[in-house]
Each structure stands twice: as C-alpha cells, then as structure tokens.
Amino acid sequence: LLYQLGGGAGSQSWLAQAYARATHTRTYAAAGGVDAMTLNLIPADTDFTVFRDAGIPGYDLAMVQNGRIYHTRWDDVDHASEHALEQGGRMVVLPLVMRLAGAHDD
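Conventions adopted
- Residues numbered from 1 in each chain as written.
- Predicted model: local features only at pLDDT ≥ 70, side-chain atom pairs only at ≥ 80, totals over all residues.
- Heavy atoms only, no water.
- Salt bridge = Lys/Arg side-chain N within 4 Å of Asp/Glu carboxyl O.
- Helix = DSSP H or I, 4+ residues; strand = E, 2+ residues; numbered from the N terminus.
- Buried < 20%, exposed > 50% of the residue type's maximum accessible area, 1.4 Å probe, protein only.
- Phe/Tyr/Trp six-rings, centres within 6.5 Å; stacked < 30°, edge-to-face > 60°.
- Expected span 1.5 Å × (residues − 1).
- Bend = angle between axes of the 7 residues up to and from the residue.

Here we look at the pattern of salt bridges
Side-chain pairing between opposite charges can occur once the charged atoms of the two side chains come close. The full count for this structure, using the stated rule, is two salt bridges. D53 serves as the salt-bridge partner of R52, at 2.8 Å between the closest nitrogen and oxygen. One salt bridge connects R90 with E86, and the closest N-O pair in it is separated by 3.0 Å. Placement of the pair is R90 and E86 together in helix α4 (residues 82-100), with a separation of four residues, close to one helical turn. Judged by its relative accessible area of 46%, R90 is partly exposed.

Below you can see the structure in the form of structure tokens.
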C-alpha cells in the first residue's frame, strides 16, 4: 500500500505518475494517508516521516497485514509474511525502481 508521498508539491506529481505507471493494476494507494497522520488520526509516525518533513521526495510504502504490531516489540522479521514481502518486492518495489531508473521510459 502506498501510504504517502514525500517532498514538495512539485515532486509529488512525478512520484505519483511513476508509481502509477510502474504498478498499474497491481497495488493500491491511499489518498488519505497523509491526512490521517497530519490530523493525528493515526497517532504514530512512520520511518519516512523525517524525509517527508525535510522535503525529500520519496514513497512511504506499508504492508497492511499485521498492522497492529507496527512499532511494537513484535515488529520484527519473525512476524513478517514471506509471501507478502515477496509480492511487494516483485509487484511494487522492483517495477518502481526500474521505472525511476529509466528502464521503462515511455
């Protein structure tokens, strides 16, 4: 799940476009992720928060399975789904990295 985009407003357009082209039909994005964090509806930060707040362009991707253990003592590799990690890498991360690297320029 694409939770939020980071960086200034100008960077969000090309980030969103690259994400959409790289992952078309394979994944989801949540438009309200930043709002939920900003309004403190989700009372936690993500590892990406410091980059977003510094205006550094990037993506905040999250697995939604087992979200209740995020940033708890159970948030470790033993509780990660191997299938979810493989799917996320194959269907989101690799295509996105290839798109950003120019391997799939239109």
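Text resumes after the structure shown.
A closer look at the packing of aromatic side chains
Enumeration according to the criterion identifies two aromatic pairs in this entry. Both rings, one in Y19 and one in Y59, keep their centres 6.1 Å apart while their planes meet at 35 degrees; by these two values the pair is tilted. One end of the pair, Y19, is in helix α1 (residues 9-23); the other, Y59, is in strand β2 (residues 58-61), with 40 residues separating them in the sequence. When its relative accessible area of 5% is taken as the criterion, Y19 is described as buried.

Quick word on α4
The terminal C-alpha atoms of α4, which comprises 19 residues, lie 25 Å apart, in line with the 27 Å expected from a rise of 1.5 Å per residue. Roughly 40 degrees is the biggest bend found in α4, and it falls at G89. Buried within α4 we find A84, G88, V92, P95, L96 and R99. Trailing α4 by a residue or two, G102 shows a phi angle of about 90 degrees, which is positive.

None of this, on its own, says anything about what the molecule does.
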